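# Examining the three-dimensional arrangement
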Amino acid sequence: MDRSSNPPATREASCPAHGDYVAQNIYGRYMSHGAIQIYGTGSPVNAKDSGYVEQGWDWNRWPGTTAIYLPWDLLVETKSSYGRHFTTESFVGGVVLGDNGIWAMRLRDTVYEPGFVALKTVFFFDDKILCLGSGITNNNTQFPTETTVYQVASNGGPSLYRDAEGQWQPLEDSLTVAGGPLWLLDPVGNGYYIPEAKGLRLVRQEQSTPLNTGNGCGHNLFDVAWFDHGTAPQDQ
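Residues numbered from 1 in each chain as written. Predicted model: local features only at pLDDT ≥ 70, side-chain atom pairs only at ≥ 80, totals over all residues. Heavy atoms only, no water.

A word on the nonpolar core. Y30, W59, W62, I68, L70, L75 and F222 are the most contacted members of the largest nonpolar core, which totals 19 residues. Within the residue set of this core, elements represented by two or more residues are β3 (66-68) and β15 (217-230). Sequence-distant contacts of L70, defined by excluding residues within four places in its chain, comprise R29, Y30, N60, L75 and F143. With 16 residues, the next largest nonpolar core counts V149, L184, Y192 and I194 among its residues. (Core = buried A, V, L, I, M, F, W, Y, C linked by side-chain atoms within 4.5 Å. Buried < 20%, exposed > 50% of the residue type's maximum accessible area, 1.4 Å probe, protein only. Helix = DSSP H or I, 4+ residues; strand = E, 2+ residues; numbered from the N terminus. Contact = heavy atoms within 4.5 Å.)

Applying the stated criterion to the full structure yields 9 aromatic pairs. Look at Y52 and W62: their rings are 6.2 Å apart centre to centre, the planes differ by 20°, and that puts the pair in the stacked class. With Y52 in the loop between β2 (37-39) and β3 and W62 in the loop between β2 and β3, this pair connects stretches of sequence that are 10 residues apart. Judged by relative accessible area, which is 22%, Y52 ranks as partly exposed. By relative accessible area, which is 7% here, W62 ends up buried. Judged by centre distance (5.8 Å) and plane angle (45°), the rings of W59 and W62 are tilted. Side by side, W59 and W62 carry an identical accessibility label, which is buried. A connected cluster of aromatic rings, assembled from ring pairs, spans Y52, W57, W59, W62 and F222. The aromatic ring of Y30 is capped on one face by R29, whose charged end is 5.9 Å from the ring centroid. Taking NZ or CZ as reference, R61 lies 3.7 Å from the ring centre of W226, over its face. (Phe/Tyr/Trp six-rings, centres within 6.5 Å; stacked < 30°, edge-to-face > 60°. Lys NZ or Arg CZ within 6 Å of the ring centre and 35° of its normal.)

Here it is, written out as structure tokens:
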């Protein structure tokens, strides 16, 4: 992931491990699954110009997360599940040295999907972010597990990808990558290099989703890229 198009003074990448607010997002459980939200566009830099808008946002696909893709009625917090939940893992944290840093966690779901584990590591080197995931395991045979690369509101043009001839092509609808390395540019100018992109799915689509309070819906055009690990992945 390349942030070089954004000046150092105005770029920010956030890696939340847990959120708990008075006005709780009832669809927000996956924010603690390794989300990486990049804010680097706008004057001043802001969420909307950086590709995040609530209207139409797919709460299953926070950038950087590994999560089980659920229907809204299963993703929503209920009275029995509402609250602040803690993992049994003892390792999570990060350190910073100048423009460099590292953040890592052992993901373990102890509430919604016991047995769902993964290792998430993020390195920050100047204007680049290296994201690693491994050990992805759960026993959910009904719904697929996904790792989201990005979800960006398409306020401008579409995502771009480099084809086999080295030419940049616009994402017009959808694409499933057969294999090999891949370069991507999302609609707000963040660059991504994936050494082995086999199975990566790219879509440009109108999304209609519930608002974070559950009161009403919103819609918008989004570009989304994710890996589909299938159902019940074991140590991927």
